[in-house]
Amino acid sequence: MRFKDTSWYFLAILYCQFFSTSSQSSSESLYYVGAVVEYHPIHGLSETAAFSNIENYITILKKAKELNSNLDIIVYPETGILIESEDEIFLSIEEKRNRYLSLAPIVPDISKKIIPCEMENSNISMALKKLSCAAKQYNAYLVVNYIEKEDCNNCGGDNKNLYNSNIIFDRNGTIISRYRKYNLFQEFSFNITHEPDISIFETDFGVKFGHFICFDILFETPALELLRKHKITDIVYPTHWFGELPFLDALSVQAAWSYANDVNLLASGFNNPTTGSTGSGIFTGKYSKIPGLIHADRKKNALLITNIPKVIQGQRNVTNFEKILYQFTNNEMPTIDNDTSHSGFLTDFLSSFTTISIRPETDKFVTLCKNNFCCHLNYKAEHNETIGEEEEYYRYRFGIFAGVRSYGVVNAGVEVCGLMICGNDSLSSCGKQLDRNNIKFRTNFLKIQITTTVAKRENSLINMPISLQNDFTPLDPENFSLESIDLENFKILSLNFKGTEKNLMSFGIYSRNFSADGNALTIHESSSSKFFF
């Protein structure tokens, strides 16, 4: 959903009967009420900035309870309390680490069930006390991402570990869970644990949650272990994503991961569109409709609340996702001084893809192969003949990649079959944000089917149905299906588009091959490609 710059109040408030009651969800309820926050924080590695952001968190929580007194759980984004200012970005790793350490609290042992709000004379940090008291006052579970330090022996020159952590408060303000981020993304001042945390917490409304942070979503551990070994069906997910086109926009990944694993995902995103950092949502796996999304092309502070169906014996039984979507004004949340932002995204390594230009005038069947990896595109589309060849309009390419790419900090095994939008006939015009006001959509897809065969690797592959529309939101699951046929050593994957889409930006299967992680990068070769029509 996209915000208008003239919005002064919440965009939509839709109430239904369960919103009008005043009791929290129970273990017998078919749903619980969750909220995610898209937040643009006050920047600066200082106590003043941290406490200001925490006060804003409490303001957001207060507003959430005013809008829906039944709120059970709220999720805040990664790095929303402490984030470097523009000047601090250029500090050395050591200088940044020292500043973080001077501000980082020590989180009490989870097993002790500490309530910081009630420990007036202790040395527990004021930040944790404020958050604990807020959870208690507003009777809600809080999922807060924050920094954390730990004393240690022989672990470095400062005898400290510094972690990017999630901290969970229950309705009484008790710290009941903690997760320390394992797959760091250019966070060179921080440490990781020797083994990844498997962090789970149970709630009084009968849902057991797992949690991890941002970049973790693209890896097997701990994210998939929570699902496969511990059978978790609900995930809370703070993130500060850096969007990459055409296949790794934040909302695309969140929706695709939720669908691929058929789990509920509550994703809260850091807001800074200049780095493609925007996108929060509540997702319900393969359920027909996405309950709610937040996406902004300018700096925004926003709140999404909706009822979330519990997964009971593999089924979800709530059909009505009545939601509240609230946008804070600058007077309510003065974190945006001068918004001259524009959306900016990274671009995938498309020069290493094997691609072909798509001509939609007639029905087509295309097969692309590279080094024993083949993908098949079967599509039907029509041209808008009112748009002439002399006008600027979007083109499409179909591309494949199987190998190892860089995620900036790690080499990762990836297999991709996908349709992507381009500004012209050249590959260099693909995977970039284009001028949607001046470039027109000429192609209307009536049918898309993408199929491929992938090796069966036990607990080492996830296949995600990636989609992105012109408003930077993913398709609802009712508009596509991803089907899998298991053979002895292989899987046949078939991604089918069910709707009529005039503004499609990308559509494809994005698979992670974890067994190839850490291998040498795949070098682009211009030969040995085969094209069949």
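Residues numbered from 1 in each chain as written. Predicted model: local features only at pLDDT ≥ 70, side-chain atom pairs only at ≥ 80, totals over all residues. Heavy atoms only, no water.

A few words on the pairing of strand S9 (residues 234-239). Counting buried positions over the six residues of S9 gives six, a clear majority of the element. Relative to S9, strand S8 (residues 208-211) runs parallel, the two sharing three bridges. Paired with Phe209 across the two strands is Asp234, which belongs to S9. With helix H5 (residues 220-228) bridging S8 and its parallel neighbour S9, the resulting β-α-β unit is right-handed. Pairing between S9 and strand S11 (residues 264-269): six bridges, direction parallel. The residue bridging Ile235 from the neighbouring strand is Leu265, located in S11. (Buried < 20%, exposed > 50% of the residue type's maximum accessible area, 1.4 Å probe, protein only. Helix = DSSP H or I, 4+ residues; strand = E, 2+ residues; numbered from the N terminus. Pairing = 2+ DSSP bridges. Right-handed = clockwise from strand over helix to strand, strands pointing away.)

Moving on, we come to the state of the cysteines. Inspection of the entire model under this criterion finds five disulfides. In this model, Cys375 is linked to Cys417 through a disulfide, with the two sulfur atoms separated by 1.7 Å. When the S-S torsion is -40 degrees, as for the bridge of Cys375 with Cys417, the disulfide is left-handed. With Cys375 in strand S19 (residues 373-383) and Cys417 in strand S21 (residues 411-422), the pair connects residues that are 42 residues apart, well separated along the chain. The pair formed by Cys375 and Cys417 is uniform in burial state, with each residue classed as buried. Each bonded cysteine of the protein is numbered by sequence order, and under that numbering the disulfide pairs are 1-2, 3-4, 5-6, 7-8, 9-10. (Disulfide = S-S within 2.5 Å.)

Let's shift gears to the sheet that holds strand S20 (residues 395-406). Across the sheet, five strands lie side by side as S17-S20-S21-S26-S23; this open sheet has antiparallel pairing. Here the strands that pair on one side only, and so sit at the sheet edges, are strand S17 (354-358) and strand S23 (461-469). On average, each strand axis in the sheet is tilted by 10 degrees relative to the strand beside it, whichever way the strands run. (Axes fitted to C-alpha atoms, helices over the stretch in contact; angles between N-to-C directions.)

Turning next to the nonpolar core. Within the largest apolar cluster, 49 residues are counted, with the highest numbers of intra-cluster contacts made by Ile74, Leu142 and Leu303. Taken together, the elements giving at least two residues each to this core come down to strand S2 (31-38), helix H2 (47-67), helix H3 (93-103), helix H4 (126-138), strand S4 (141-151), strand S5 (160-169), strand S14 (302-309) and strand S15 (323-327). When residues in this core are grouped by element, the largest group, eight residues, is from H2. Sequence-distant contacts of Ile74, that is, excluding residues within four places in its chain, are made with Ala35, Val37, Ile60, Leu61, Ala64, Tyr141, Leu142, Val143 and Leu303. Phe212, Leu251, Leu265 and Cys430 belong to the second largest nonpolar core, which has 45 residues in total. (Core = buried A, V, L, I, M, F, W, Y, C linked by side-chain atoms within 4.5 Å. Contact = heavy atoms within 4.5 Å.)

Once that is clear, we can look at unusual backbone geometry. Of note, the amide linkage connecting Thr221 to Pro222 takes the cis form, showing an omega dihedral of 5 degrees. Along the chain, the position of Pro222 falls in helix H5. Omega for the peptide link from Leu245 to Pro246 comes to 10 degrees, which places this bond in the cis form. Topologically, Pro246 is positioned in the loop between strand S10 (244-245) and helix H6 (250-261).

Enumeration over the complete set of coordinates arrives at 25 aromatic pairs. Between Tyr32 and Phe209, the ring centres sit 5.6 Å apart and the planes meet at 85 degrees, which makes this aromatic pair edge-to-face. Here Phe209 lies in strand S8 and Tyr32 lies in strand S2, a separation of 177 residues in the sequence. Judged by relative accessible area, Phe209 falls into the buried class, the value being 0%. Between the aromatic rings of Phe185 and Phe215, the centroid separation amounts to 5.1 Å while the plane-to-plane angle is 70 degrees, which identifies the pairing as edge-to-face. Highlighted residues: Phe185 in the loop between strand S6 (175-180) and strand S7 (200-202) and Phe215 in the loop between S8 and H5, separated in sequence by 30 residues. Phe185 gets classed as partly exposed once you look at its relative accessible area, which sits at 21%. For Phe215, a relative accessible area of 6% translates into the label buried. The ring of Phe51 has Lys130 sitting right over it, with the charged end atom 6.0 Å from the ring centre. Lying across the ring of Tyr393, Arg395 places its NZ or CZ 3.9 Å from the centre. (Phe/Tyr/Trp six-rings, centres within 6.5 Å; stacked < 30°, edge-to-face > 60°. Lys NZ or Arg CZ within 6 Å of the ring centre and 35° of its normal.)

Put simply, H2 and H4 touch, their axes get as near as 11 Å, and they point 5 degrees apart. In terms of orientation, H2 lies roughly parallel with respect to H4. When H2 is examined against H4, the residues Phe51, Ile54, Glu55, Ile58, Leu61, Lys62 and Lys65 are found in contact with a partner set consisting of Met126, Ala127, Lys130, Leu131, Ala134, Ala135 and Tyr138. The residue makeup of the contact of H2 with H4, split by class, is 10 nonpolar, no polar and four charged. (Parallel < 35°, antiparallel > 145°, perpendicular 65-115°, else oblique. Nonpolar A, V, L, I, M, F, W, Y, C, P; charged D, E, K, R; others polar.)

Taken as a whole and assessed by the stated rule, the structure comprises 21 salt bridges. With its nearest N and O atoms 2.8 Å apart, the salt bridge here joins Arg171 to Asp204. You can see Arg171 sitting in the loop between S5 and S6 and its partner Asp204 sitting in the loop between S7 and S8, a full 33 residues away along the chain. Judged by relative accessible area, which is 6%, Arg171 ranks as buried. The class for Asp204 is partly exposed, based on a relative accessible area of 37%. (Salt bridge = Lys/Arg side-chain N within 4 Å of Asp/Glu carboxyl O.)

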